[in-house]
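Remarks on the overall topology
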Amino acid sequence: MVEGNAILEQVDPENRDLFREIFMDDDSDEEFLGFNVDELENDEGTADFEETWVNGNMDVRHLQFRAEKKINVEIPENAEIIDFFKLYVTDEFVSDILVQETNKYAQDFLHSAQGRNLKPQSRFHKWTNVTTDEMKRFIAMIIGMGLVQHQDIQDYWNRDEVLETPFFRKTMSRNRFLLLMSLFHLNNNENQIPQDGYDPIFKIRRVYDHFRTKFEELYYPGENIAIDEGMIAWRGNLSFRVYM
């Protein structure tokens, strides 16, 4: 109850009764059905709702759709899923962003005070620069872990006949994967602006801009589209406003 009172103090005094009724009434098992019309405040001199209602313009303006729904690249008849994947995750994207930024961050870390004070047995001492081919295998393993789920990441390299998933062990060693995952990076920290001009998604900005450009370039949607929306208010740790 102490936590509830602390939250209530942040609500405007005129709205506290409504807030308490909706969100803090834990003792009642009845569903909240709203307030009685007679209980709502009505300023003196305000006309009844029915007397002030005015029918608006009922004519609907139909906008003509002139664009053409199409894919803006040539797709072979025997195209496979990987061909579509490569349209978005290009070699340039992997090498210029994922590989470049990960290698830079690794070198910055190893030359920092924390990196110079690592224990002799630390796996970070075994770091070697990642290549484009190795980064592609790393991405494939991340996607594979979303399809084949284990309770512990170590189990992907387990040789037990029940838990074994040979794909991961054959693609990359466990220690190399964990090392790469520890130093995986997507942007140069030196370019981050701390105050004026601060970008709340700076860590993924280059990846965000890349995919946004690709979505605009590769496909023009048709006239009838369904746009997903969030119906639940976000209560997590996020510094910028989220709209429905």
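Only a predicted model underlies this, so the values are computations on that prediction, with no experimental measurement involved. (Residues numbered from 1 in each chain as written. Predicted model: local features only at pLDDT ≥ 70, side-chain atom pairs only at ≥ 80, totals over all residues. Heavy atoms only, no water.)

**Regarding the overall build of the protein chain**
A tally of regular secondary structure across the protein chain gives 10 helices and two strands. Starting at the N terminus, the α and β elements of the protein chain follow one another as α-α-α-β-α-α-α-α-α-α-α-β. Contacts spanning at least 24 positions in sequence make up 62% of the contacts within the protein chain whose residues lie at least 6 apart. For the protein chain, the exposed surface amounts to about 20400 Å²; the carbon and sulfur share of it is 50%. (Helix = DSSP H or I, 4+ residues; strand = E, 2+ residues; numbered from the N terminus. Contact = heavy atoms within 4.5 Å. Areas by Shrake-Rupley, 256 points an atom, 1.4 Å probe, with all protein chains shown as cover.)

**What to know about the side chain of Thr 102**
In this structure, Thr 102 sits in helix H5 (residues 91–110). Apart from the residues within four sequence positions on either side, Thr 102 is in contact with Ile 97, Trp 127, Val 130, Met 135, Leu 180, Leu 183, Phe 184 and His 185.

**Points about helix H10 (residues 205–218)**
Given a rise of 1.5 Å per residue, 14 residues ought to cover 20 Å, and the 20 Å separating the end C-alpha atoms of H10 matches this to within 8%. The set of residues buried in H10 consists of Val 207, His 210, Lys 214 and Leu 218. Buried residues of H10 fall within an arc of 65° about the axis and therefore sit on the same side. The exposed set on the far side of H10, more than 90 degrees from its buried face, consists of Phe 215 and Glu 216. Where the residues of H10 are buried, they touch strand E1 (70–71), helix H4 (81–88), H5 and strand E2 (219–220). (Expected span 1.5 Å × (residues − 1). Buried < 20%, exposed > 50% of the residue type's maximum accessible area, 1.4 Å probe, protein only. Arc of directions from axis to C-beta.)

**Side note on the environment of Thr 213**
Note on placement: Thr 213 falls in helix H10. From its side chain, Thr 213 meets the backbone oxygen of Asp 209 in a polar contact 2.9 Å long. (Polar contact = N/O pair within 3.5 Å; in protein donor to acceptor, adjacent residues only side chain to side chain.)

**Points about a nonpolar patch on the surface**
Judged by side-chain polarity, Ile 82, Phe 85, Ile 143, Leu 147 and Val 148 come together as a nonpolar surface patch covering roughly 450 Å² of accessible area. Along the chain, the position of Val 148 falls in the loop between helix H7 (132–147) and helix H8 (166–171). (Patch = residues over 30% accessible without salt bridge, like charges linked within 9 Å, V, L, I, M, F, W, Y side chains within 5 Å. Salt bridge = Lys/Arg side-chain N within 4 Å of Asp/Glu carboxyl O.)

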